[in-house]
Amino acid sequence: MSREQQVIDSFSNIASGVLAQYSHNIEALTAIKGGRPSFDELMSELQLLEKDLTSKAVKIIEVYKKEVGAPIEDLTNAMKQIITNTINIYIKSI
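Residues numbered from 1 in each chain as written. Predicted model: local features only at pLDDT ≥ 70, side-chain atom pairs only at ≥ 80, totals over all residues. Heavy atoms only, no water.

Draft legend 1. Structural context of the pattern of salt bridges. Counted according to the given criterion, the structure contains two salt bridges. For Lys-33, the salt bridge goes to Glu-41, with nearest N and O atoms at 3.1 Å. According to the relative accessible area criterion, Lys-33 is partly exposed, its value standing at 47%. Here Asp-52 makes a salt bridge to Lys-56, at a shortest N to O gap of 3.2 Å. Of the two residues, Asp-52 and Lys-56 both sit in helix α2 (residues 39-68), four residues apart, roughly one turn of that helix. According to the relative accessible area criterion, Lys-56 is partly exposed, its value standing at 30%. (Salt bridge = Lys/Arg side-chain N within 4 Å of Asp/Glu carboxyl O. Buried < 20%, exposed > 50% of the residue type's maximum accessible area, 1.4 Å probe, protein only. Helix = DSSP H or I, 4+ residues; strand = E, 2+ residues; numbered from the N terminus.)

Below, the structure written as structure tokens:
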């Protein structure tokens, strides 16, 4: 397995963990409110999820670029796809 693929797989695992955390946040909000959170609250959580994932991806890409010094377009595209997929999973779950 290439180093790039290892980084992609690691980020995919990170994204899954972050998604689980945000899903638990929604469950907690639901329990606290005794019902489904408002649309605005759900969208706020969605924005935070996207920001969190993007921030983590940027940090990983920056470190990878410093270490390897190679073009990172494929890595960037793969991480964007993981973020998109993770957000889609989140949206379907709420």
